[in-house]
Amino acid sequence: MRSPVFYDLEYTAWEDSMANHWLAPGQFREVVQIGAVKTGPTALEIIAEFEVLVRPRINTVLSPYLENLTGITNAAVAERGVNLREAYDRFVAFAGEGPIVSFGRDDIVLTRNLALYGIGDAPPLPLHRNSAPWLNANGVVTKGLHACDVAGACGSDFQGREHDALEDARSLVAGARALIARGASHIFADDDA
């Protein structure tokens, strides 16, 4: 089995964007942070980490709501942010052969961002796994949860900053390890990945 990469995204948001499914005029889910951890294939121990800030193109100024929620500031994005293509390419290189694992369909958010910006020649993402069905099958009700909630919902005492993509990726790993330690089948038990 190849080393899985658990990852999370933070993207532009406003106080009402989740309730409105980002359908209000001018609201797009533009990626502003990618965080990921590469793990060993069996024990899911963290062997490498990745984090990058991304400069959004359409909503170039982050909302105060997003800054407060994530801790990502406009100043940080101006100082450390890169364009989406560079961030995406770096993430794909970090993931290598994958598979990649998120809580939900962050793969769709990434590919829609590429389309939104007219980037048609990007390399494909590695094989993606949505962890939510596995969590639900192992007794974790995921409705209403975010990636940052997974560790606690699985019984892990993991403590990290909520809504930070790297910390949220760590939460996914901590949750998966906690469930497996309690007897759940491995998240990749049905794969030959």
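Throughout what follows, the structure given in this document is the object of discussion. In this text, all values refer to a predicted model and were calculated from it rather than measured experimentally. (Residues numbered from 1 in each chain as written. Predicted model: local features only at pLDDT ≥ 70, side-chain atom pairs only at ≥ 80, totals over all residues. Heavy atoms only, no water.)

1. Here's the deal with the packing of helix α3 (residues 84-95) against helix α4 (residues 106-116)
For clarity, the threshold we go by: The axes are straight lines fitted to the C-alpha atoms, using for helices just the contacting stretch, and the angles between their N-to-C directions are given from 0 to 180°. Numbering goes from the N terminus for both helices and strands, where a helix is a DSSP run of H or I of at least four residues and a strand is a run of E of at least two. Here a crossing is taken to be left-handed if its near helix is turned anticlockwise relative to the far helix by less than a right angle, and right-handed if that turn runs clockwise. Two residues qualify as a contact provided that any one of their heavy atoms is within 4.5 Å of a heavy atom in the partner residue.
Where α3 meets α4, the closest approach of the two axes is 11 Å, and the angle between their N-to-C directions is 145°. The way α3 lies across α4 gives a crossing that is left-handed. Contacts between α3 and α4 involve L84, Y88 and F91 from the first element and L110, N113 and L114 from the second.

2. Concerning a nonpolar patch on the surface
Note the cut-off: Residues enter a patch when their relative accessible area is above 30% and they make no salt bridge; the linking distance is 9 Å between like charges and 5 Å between nonpolar side chains (Val, Leu, Ile, Met, Phe, Trp, Tyr). Reported accessibility uses the Shrake-Rupley method at a 1.4 Å probe radius. Residues are deemed covered only where the shown protein chains occlude them. In what follows, salt bridge is the name for a side-chain nitrogen of Lys or Arg lying within 4 Å of a carboxyl oxygen of Asp or Glu.
Where nonpolar side chains cluster on the molecular surface, the patch consists of F28, I58 and L116 and spans about 220 Å² of accessible area. By the secondary structure assignment, I58 is in the loop between β3 (46-53) and α1 (64-70).

3. A short note on the nonpolar core
Rules: We define a nonpolar core as any set of buried Ala, Val, Leu, Ile, Met, Phe, Trp, Tyr and Cys residues linked to one another through side-chain atoms lying within 4.5 Å. Partly exposed describes any residue whose relative accessible area lies between the buried limit of under 20% and the exposed limit of over 50%, with all areas from a 1.4 Å probe on protein chains only and scaled to the type maximum.
Counting residues in hydrophobic clusters, the biggest one holds 36 residues, and the most contacted among them are L9, V31, I34, F91 and L110. Where this core is concerned, the elements lending two or more residues are β1 (5-11), β2 (31-39), β3, α2 (74-80), α3 and α4. Per-element accounting of this core gives the leading share, seven residues, to α3. Every residue in contact with F91, bar those within four places of it in the chain, is listed here: V5, Y7, I34, A36, F50, I100, L110 and L125. With 22 residues, the next largest nonpolar core counts C154, V173, A176 and A178 among its residues.

4. Structural notes on the pattern of salt bridges
Two side chains of opposite charge can pair, provided their charged atoms sit close to one another. Tallying each qualifying case throughout the model produces seven salt bridges. Put simply, E49, E167 and R170 are held in one network by salt bridges that share partners.

5. Some words on the environment of S102
With respect to the element layout, S102 can be found in strand β4 (residues 100-102). Since its relative accessible area comes to 0%, S102 is described here as buried. Non-local contacts of S102, meaning those with residues more than four positions away in its chain, are made with Y7, H128, R129, N130, S131 and L172.

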